[in-house]
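# Descriptive structure summary
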Amino acid sequence: MDTRNRCKGNYRRIKIIFIPESPKIGAFFVNIFLWKTMIIKIPVRFVKLEADGFHLFVDAELNGKRINMLVDTGASKTVFDINRISKFVRKRKKSFKSFENLSTGLGTNTMKSHFTKVKKFCISELKLENYNAILLDMTHVNQSYEMLGMQAIDGVLGSDLLMEYKAVIDYKSLILKLSI
């Protein structure tokens, strides 16, 4: 199960007074702690493609090492390149667990997917511990980027996390905002 770290003091305490209808029960106080929503702002790199398209990238960290993530609002899941993840986890490619079902997307009809548990996956101040990472072979994607003279990607930030953290992409300010 993913756990997320919240900054200390990122909540507010309120007191509510309950006054029951029966005079036999006296009024009492209840302390309620409400988490404040914190908006984190992550710089986005817009990279122009050959024609008139753009791809969006953010920096993240996997087990304390910097990674390059493609932001893809059309991707259903956040995934990592199985060939590049070995730089960030101690497991060997052979030890990754495989899914029974084939995955679709990333320019292919079907591909075999794997998963592994990552100790720490961070996007700015959003810290996900013991993150269940989905792994796909993104060789064809990185070959395309290489042909365009672009940096290889280590993963794709998909709509699962974008929706969970209520992502907003501010194209004018080149910022990805997440609510944590």
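Residues numbered from 1 in each chain as written. Predicted model: local features only at pLDDT ≥ 70, side-chain atom pairs only at ≥ 80, totals over all residues. Heavy atoms only, no water.

### Examining the pairing of strand β7 (residues 65-71)
Each regular strand shows side chains that alternate between the opposite faces of the sheet. Of all seven residues in β7, five are buried, a share of seventy percent or more. Pairing of strand β6 (residues 54-62) with β7 involves seven bridges; the strand directions are antiparallel. Its bridge partner being in β7, A60 is matched across the sheet by I67. Hairpin connection between β6 and β7: a loop of two residues separates the two successive antiparallel strands, and N63 in this loop has a positive phi of roughly 50°. (Buried < 20%, exposed > 50% of the residue type's maximum accessible area, 1.4 Å probe, protein only. Helix = DSSP H or I, 4+ residues; strand = E, 2+ residues; numbered from the N terminus. Pairing = 2+ DSSP bridges.)

### With respect to the layout of surface pockets
What the second largest pocket holds in volume is close to 210 Å³. Looking at which element gives the most residues to the lining of the second largest pocket, the answer is strand β10 (residues 108-123), with four residues. For the lining of the second largest pocket, a count of residues per class yields three nonpolar, two polar and six charged. (1 Å grid on protein atoms, 1.4 Å probe; cavity = no way out; pocket = protein on both sides within 12 Å on 5 of 7 lines; lining within 4 Å. Points joined across faces, edges and corners; volume = space filled by probe spheres on them. Nonpolar A, V, L, I, M, F, W, Y, C, P; charged D, E, K, R; others polar.)

### Re the nonpolar core
Core analysis: the biggest nonpolar cluster contains 32 residues, and F80, F121 and L157 have the highest contact counts within it. When contributions to this core are tallied by element, the ones reaching two or more residues are β4 (39-43), β6, β7, β10, β11 (126-136), α2 (159-164) and β14 (175-179). Broken down by element, this core gets its largest block of residues, five residues, from β11. With residues up to four places along the chain from it excluded, the contact list for F121 reads A60, E61, L62, I67, M69, T78, F80, L126, K127, L128, Y131 and L161. Residues L70, V79, M138 and V141 belong to the second largest nonpolar core, which totals 12 residues. (Core = buried A, V, L, I, M, F, W, Y, C linked by side-chain atoms within 4.5 Å. Contact = heavy atoms within 4.5 Å.)

### Quick notes on the sheet that holds β4
The strand order across the open sheet built from three strands is β4-β14-β13, with neighbouring strands paired in antiparallel fashion. Strands with a single pairing partner mark the edges of an open sheet, and in this sheet they are β4 and β13 (168-170). On average, each strand axis in the sheet is inclined to that of its neighbour by 25°, with strand direction left out of account. (Axes fitted to C-alpha atoms, helices over the stretch in contact; angles between N-to-C directions.)

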